[in-house]
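Fold and geometry: a report
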Amino acid sequence: MSKLPFMIELAGKRVVVVGAGAVGTRRIRQLLDANAAVHVVAPDCSADVAKWADAGVITVDERAYREGDVAGAWLAVTATGVSDVDQAVTESAERERIWCINSALHSQSTATPMLPIEGPDGVQIAVHGGGDPGRAIALRNAIELALKVGDLPIRATRTTSSSGRVTLLGAGPGDPSLLTVRAAQALAMADVLVVDRLAPAASWEHAPADVLTIDVGKQPGKHAVSQTEINDILVAEANKGQHVVRLKGGDPFVLGRGGEEAQACIEAGVPVEVIPGITSAIAVPGAAGIPVTHRGVTSTFIVASAHEGPEGVLAAVSDAPHTSTLILLMGAGKLPSISAALIASGRSPETPVAIIESGLTVNQHTTITSLGEAEAGTVRVKPPAVVVIGEVVRLRAELGDLAIASPEARHA
């Protein structure tokens, strides 16, 4: 290879473009994106070039090219479509030791234009198709997609004490294929992962060896790491200059204490970002063929923490009609006492109940029962589980399971 690819800073630097047709206009637009000081030499200009000239964005000499027009430039671009003129510009640039792009004859160019790609966190990539523009575009699109979904190694390897930050990332119910594009990017750039047991295992169990993984997962009846300790971990690791990703199941702000963690970061002066995730409160019932709202059945739903017991659940539904769908997260072991309280408050014992265990994973299992049977304690619930109470549960008999979990969809 006789050419060495590199990027040059053109902001404020003089670039002379000879020719203002379709190709010249495209080159000028690229140069303006790079904040170059563009001067155009062309007897006829496209509408865009004329508009830029009228706005004072570029300068234009509306005439044919003359020897010496490229003098003093950092870069010359010729795009006249007239071989003799393009050759003259190229030769003049060579004599003046000015880099030159010959748009008609790439083999004569001393500078080769490439398709730029802006990735996350300052990543820049340029693609050249070897003289085949279609191939260059296809490669650019493929690389852009890989950058977006975190398939390329884009994590920074140089950090400073001032670059630490925290990302509160919602990883969804358990299937890594449901991660958002932004979430996948953040995982690919993480220096430290602080993970919950309900986050998709595949999203963190195979992290690179030099990525520190801290498991703070809370299991029923066994809170190994307190919320205060988790907050302290986030702040301490970020203050080391690390990009800390707090990987949480579902959405960080739906019964996930993401707000508390954001407050702790802000109070400590640590930059914090939240990346929303798919909340299990809606996604898991949908996977089991249970829409949380349905025309003619109910237009409202309530999400409550079963962990708070009957009083907390009754407070959550106190102002809602009995037709509202009630979705319970966490602490499903308290379902008998919660069911008794709901019946006592006026809900029928025949109200259908769905218990969806390990939703949107390969172990998803759905049990259909009623408030009366749930009150009796005859239904066993294995966490993690989402409980749906309301008439919408009857739709499952018609719809059945509506989601297919990926093979890696599981919790730790």
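Reference entry: report on the structure contained in this document. (Residues numbered from 1 in each chain as written. Predicted model: local features only at pLDDT ≥ 70, side-chain atom pairs only at ≥ 80, totals over all residues. Heavy atoms only, no water.)

**Notes on the sheet that holds strand E8 (residues 165-170)**
Stated precisely, the cut-off is as follows: At least two bridges found by DSSP between two strands are what make those strands a pair. By the criteria applied, helices consist of DSSP H or I runs no shorter than four residues and strands consist of E runs no shorter than two, each listed in order from the N terminus. Axis definition: a line fitted to C-alpha atoms, over the contacting stretch in the case of helices. Angles run 0 to 180 degrees between N-to-C directions. Contacts between residues were defined by any pair of non-hydrogen atoms, one from each residue, lying within 4.5 Å.
The strand order across the open sheet formed by five strands is E10-E9-E11-E8-E12, and the pairing between neighbours is parallel. The strands lining the two open edges of the sheet, one partner per strand, are strand E10 (212-215) and strand E12 (272-275). Within the sheet, the average angular offset between the axes of one strand and its neighbour, ignoring direction, is 20°. Where strand E9 (residues 192-195) and strand E11 (residues 243-248) come together, four bridges link them in parallel fashion. Counted as the bridge partner of leucine 193 is valine 245 from E11. Contacting E8, E9, E10 and E11, helix H6 (residues 227-238) runs over the sheet at an angle of about 155° to E11. Helix H7 (residues 258-267) rests against E8, E11 and E12 of the sheet, and its axis sits at about 170° to E8.

**Section: the sheet that holds strand E4 (residues 75-78)**
One open sheet holds the five strands; their spatial order is E3-E2-E1-E4-E5, and the pairing between them is parallel. At either end of the open sheet lies a strand with only one pairing partner, and these are strand E3 (59-61) and strand E5 (99-102). Ignoring strand direction, the axes of neighbouring strands in this sheet form an average angle of 20°. Across the sheet, helix H3 (residues 83-96) lies against strand E1 (14-18), E4 and E5, angled at about 170° from E4, the strand it touches most.

**Section: the environment of proline 352**
Note the following rule: Burial here depends on accessible area, computed with a 1.4 Å probe over protein chains only, as a share of the maximum for the residue type. Under 20% is buried, over 50% is exposed, and the range in between is partly exposed.
Within the secondary structure, proline 352 is located in strand E15 (residues 352-357). The class for proline 352 is buried, based on a relative accessible area of 5%. Sequence separation of proline 352 and arginine 29 is 323 residues, and the distance between their C-alpha atoms is 62 Å.

**Overview of a nonpolar patch on the surface**
Put simply, the rule reads: A patch consists of residues whose relative accessible area exceeds 30% and which take part in no salt bridge; residues with like charges are grouped when within 9 Å of each other, and nonpolar side chains (Val, Leu, Ile, Met, Phe, Trp, Tyr) when within 5 Å. Method for areas: the Shrake-Rupley scheme with a 1.4 Å probe, in which residue coverage is limited to the protein chains shown. By convention in these notes, a salt bridge is any Lys or Arg side-chain nitrogen within 4 Å of a carboxyl oxygen on Asp or Glu.
A cluster of nonpolar side chains, contributed by Val254, Leu255, Ile282, Phe301, Val303 and Met330, occupies part of the molecular surface with about 440 Å² of accessible area. Structurally, valine 254 can be placed in the loop between E11 and H7.

**Structural notes on the packing of aromatic side chains**
Selection criterion: Think of it this way: a Phe, Tyr or Trp ring, Trp meaning its six-membered ring, pairs with another when their centres are within 6.5 Å, and the plane angle makes it stacked under 30 degrees, edge-to-face over 60, tilted otherwise. The rule for a charge over a ring is simple: NZ of Lys or CZ of Arg within 6 Å of the ring centre, and within 35 degrees of the ring normal.
Under the definition given, this model contains zero aromatic pairs. For the cation-ring pair, lysine 13 lies above tryptophan 74, with the distance from its terminal atom to the ring centre recorded as 5.0 Å.

**A short note on helix H9 (residues 309-317)**
In an α-helix, one full turn covers 3.6 residues, which means residues spaced three or four apart are oriented alike. Our working rule: Arc, as used here, means the arc of the directions from the helix axis to the C-beta atoms.
For H9, the set of buried residues is Gly309, Gly312, Val313 and Val317. Along H9, the residues classed as buried sweep out an arc of 125° about the axis, all on the same side. The outward face of H9, more than 90 degrees from its buried face, is lined by the exposed residues Glu311 and Ala315. Contacts made by the buried residues of H9 are with strand E13 (301-305), strand E14 (325-329) and helix H10 (335-344).

**Concerning the state of the cysteines**
Defined as follows: The disulfide criterion used throughout: a pair of cysteine sulfur atoms within 2.5 Å.
Going through the model one piece at a time under the given rule, you end up with zero disulfides. Here cysteine 100 stays unpaired: no disulfide links it, and the sulfur of cysteine 45, its closest cysteine neighbor, is 19 Å away.

**Here's the deal with unusual backbone geometry**
Omega for the peptide link from proline 383 to proline 384 comes to 0°, which places this bond in the cis form. Despite not being glycine, serine 358 shows a phi value in the positive range, around 50°.

**Thoughts on the layout of surface pockets**
Applied cut-off: The method works on a 1 Å grid over the protein atoms by themselves. A cavity is a set of points holding a 1.4 Å probe that cannot get out, a pocket is an open set with protein on both sides within 12 Å along at least five of seven lines, and residues with an atom within 4 Å of a point line them. Grid points are joined across faces, edges and corners, and a volume is the space filled by probe spheres set on the points.
Roughly 1,400 Å³ of internal volume is contained in the largest pocket. Of all the elements in the fold, those that place two or more residues in the lining of the largest pocket are helix H1 (22-33), E4, E5, strand E6 (115-118) and strand E7 (124-127).

**A closer look at the nonpolar core**
Just so we agree on the cut-off: Residue types Ala, Val, Leu, Ile, Met, Phe, Trp, Tyr and Cys, when buried and joined through side-chain atoms within 4.5 Å, form a set referred to as a nonpolar core.
In terms of nonpolar packing, the biggest core is built from 20 residues, with Leu326, Leu328, Leu342, Ile355, Val387 and Ile389 touching the most fellow members. Elements with a minimum of two residues in this core: E13, H9, E14, H10, E15, helix H11 (371-376) and strand E17 (385-389). Residues contacting leucine 342, with those up to four places away along its chain left out, are Val313, Leu314, Val317, Leu326, Arg347, Leu371 and Ile389. Within the second largest apolar cluster, 18 residues are counted, among which are Leu10, Ala36, Val40 and Val49.

**Considering the environment of alanine 405**
Examined against the element boundaries, alanine 405 turns out to sit in the segment after helix H12 (396-399). For the pair alanine 405 and histidine 243, spaced 162 residues apart in the sequence, the C-alpha separation amounts to 30 Å. Not counting residues within four places of it along the chain, the set of residues in contact with alanine 405 comprises Asp175, Leu360, Thr361 and Val362.

**Thoughts on the side chain of glutamine 185**
Within the fold, glutamine 185 resides in helix H5 (residues 181-189). Beyond its immediate chain neighbours, meaning those up to four positions away, glutamine 185 contacts Pro120, Leu147, Lys148, Gly150 and Ile154.

**Remarks on the packing of H6 against H7**
The condition that has to hold: For classification, angles of less than 35 degrees are called roughly parallel, those exceeding 145 degrees roughly antiparallel, those between 65 and 115 degrees roughly perpendicular, and all remaining angles oblique. Should the near helix be turned anticlockwise from the far one by less than a right angle, the crossing is termed left-handed; should it be turned clockwise, right-handed. The residue classification treats Ala, Val, Leu, Ile, Met, Phe, Trp, Tyr, Cys and Pro as nonpolar and Asp, Glu, Lys and Arg as charged. All others, Gly included, are polar.
Contact geometry of H6 with H7 gives a least axis separation of 9 Å together with a crossing angle of 45°. The angle between H6 and H7 falls in the class oblique. The crossing of H6 and H7 is right-handed. Between H6 and H7, the residues in contact are Gln227, Ile230, Asn231, Leu234 and Val235 and Glu260, Glu261, Ala264 and Cys265, respectively. A class-by-class count of the residues in the contact of H6 with H7 yields five nonpolar, two polar and two charged.

Limitation: the analysis is restricted to geometry and does not speak to function.
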